[in-house]
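Secondary and tertiary structure notes
Here is how the chains run, residue by residue.
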Amino acid sequence: MNLQEAFRIAIRALSVNRLRSALTTLGIVIGVASVIVLVALADGVQAGFNDTFSALANHIIVTKIDGSVPSGGAAKDLTDSDVSALRNLTQAPDIGSVTPVITGTALVQAGTGQFRASVAGSTAAYLDVNNREMMVGSFFTETEERSNAKLVVLGPDLVANLFGGDARAALGKKIRITRTAFKVIGVVKRDGQQDDLAIMPLGAARSYLLGGTDSVNAITVTAASTHQVPAALDQITKVLTERHNIKDPAKRDFEARALQNLLDSANEFLGFLTLFTAAIAAISLIVGGIGIANIMLVSVTERTREIGIRKAIGARRSTILKQFLIESTVLSVLGGFAGIIIGVAISMTAAVVLPAAVPDFPAPQLSITPIVLAFAISLGIGLGAGVYPANRAARLRPIEALRYE
């Protein structure tokens, strides 16, 4: 019996019990579809993460070490002089920009509403450096920064609490931060991290809210390119080590962290998360394989007399083995194809529906790799599930099979 004839017989045998065959493949269908959908969702989250934070790949954050320096005294503050030194291209040629930030908290009031918010004083470059976008209005300019203008840009949480979420209604309004009136000139878009922030010129924040010292809480440094991040990191460390008179590297009173390292770690974690979710979904493939094995054993029992007749008229053991292996493989292949169709359809639908329903949710991203892998696994499970029932059928003795009732 050739392969084509064996395949035709397998299809005929499975079509006799269509409902049973359909229910048997259901585990494979669900497993393949689940793998495709969950991997598409995870890939979408990872792609959204990279799109959002890729602009920060050349950023380095410099902060003062909290408390005491290891094996040393109190940590020195980061100051405006440190900022100026880092802007010196002679000492740090691989640095593109240097943006100081001072932070604190303050009570913000507008009319009868009030909200305790985070306050940040920085330069006109703050918006670009932190990859923030304006929702309405504008950010303060370098001229306004130098004049210590009492201007403020609000985060969306502040607008929600003070102006009922109407960003345009906030423009031009005067709000009180602690005891000083500031004019609202803009509202930034939501980024999910610092949405309760009130941003103002560095000098204004020092003069009216956070004290008049020359210290800063953090310095955001951008390398000239992502390839120059390691060199820029070395130059920052060297400049600040010399300025703070640090002799032992273990006693540095500052920390410089490249965001690229954090992004790489986050991507690695998201990759593991994708594998984990795919593995969880693949469990249903194993359940589907057990279902195929079970139904093939039932089929062998039901067709014992048929097997006996075929062996009595000369069918070889390999022929019987091949027949039942083909049947189990056909079940898994049909389930795999159905799972692919359903999984792709759900993923494509979600890619349209989810961003519309949840604006900040990244759209699922289909890729060929999980589709091929899920189908290959389902095919392997089908073959594996059919081995024992097929071998059992092939080993039946003709005389025993013919006597079976």
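Being a predicted model, the structure only gives us computed values, none of them experimental. (Residues numbered from 1 in each chain as written. Predicted model: local features only at pLDDT ≥ 70, side-chain atom pairs only at ≥ 80, totals over all residues. Heavy atoms only, no water.)

The next point concerns helix α2 (residues 18-53). Along its 36 residues, α2 runs 51 Å from first to last C-alpha, staying within 8% of the 52 Å computed at 1.5 Å per residue. When the local axis directions of α2 are compared, the greatest deviation, roughly 35°, occurs at Thr 25. (Helix = DSSP H or I, 4+ residues; strand = E, 2+ residues; numbered from the N terminus. Expected span 1.5 Å × (residues − 1). Bend = angle between axes of the 7 residues up to and from the residue.)

Core analysis: the largest hydrophobic core is formed by 47 residues, its most contacted members being Leu 86, Val 152, Leu 154, Ile 175, Ile 177, Ile 219 and Val 221. A total of six residues in this core trace back to one element, the largest contributor, which is strand β3 (residues 95-110). Apart from residues no more than four positions distant in its own chain, Ile 175 is found in contact with Val 108, Gln 109, Ala 110, Val 152, Leu 154, Phe 163, Thr 180, Ala 181, Phe 182 and Val 184. Counting residues in hydrophobic clusters, the runner-up holds 22 residues, among them Ile 28, Val 35, Ala 374 and Ile 381. (Core = buried A, V, L, I, M, F, W, Y, C linked by side-chain atoms within 4.5 Å. Buried < 20%, exposed > 50% of the residue type's maximum accessible area, 1.4 Å probe, protein only. Contact = heavy atoms within 4.5 Å.)

With that out of the way, let us pick up the side chain of Thr 25. Relative to the helices and strands, Thr 25 is located in helix α2. Every residue in contact with Thr 25, bar those within four places of it in the chain, is listed here: Leu 331 and Gly 335.

A few words on helix α8 (residues 202-210). Of the residues making up α8, those classed as buried are Leu 202, Gly 203, Ala 204, Ala 205, Arg 206 and Leu 209. Residue Gly 211 follows α8 closely and has a positive phi angle near 95°.

Moving on: the side chain of Thr 222. Structurally, the position occupied by Thr 222 is in strand β11 (residues 218-223). Here the side chain of Thr 222 touches Ser 97 through a polar contact of 2.5 Å, side chain to side chain. Discounting chain neighbours no more than four positions away, the residues touching Thr 222 are Asn 58, His 59, Ile 95, Gly 96 and Ser 97. (Polar contact = N/O pair within 3.5 Å; in protein donor to acceptor, adjacent residues only side chain to side chain.)

One non-glycine residue, Asn 131, lies in the positive phi region at around 55°. Turning to its location among the elements, Asn 131 is positioned in the loop between α4 (126-129) and β5 (134-137). You will see that Asn 148, though not glycine, has its phi angle at about 55°, which is positive. Its place among the elements puts Asn 148 in the loop between α5 (142-146) and β6 (151-154). Judged by relative accessible area, Asn 148 falls into the partly exposed class, the value being 28%.

Such coordinate-based values are descriptive only and should not be taken to indicate function.
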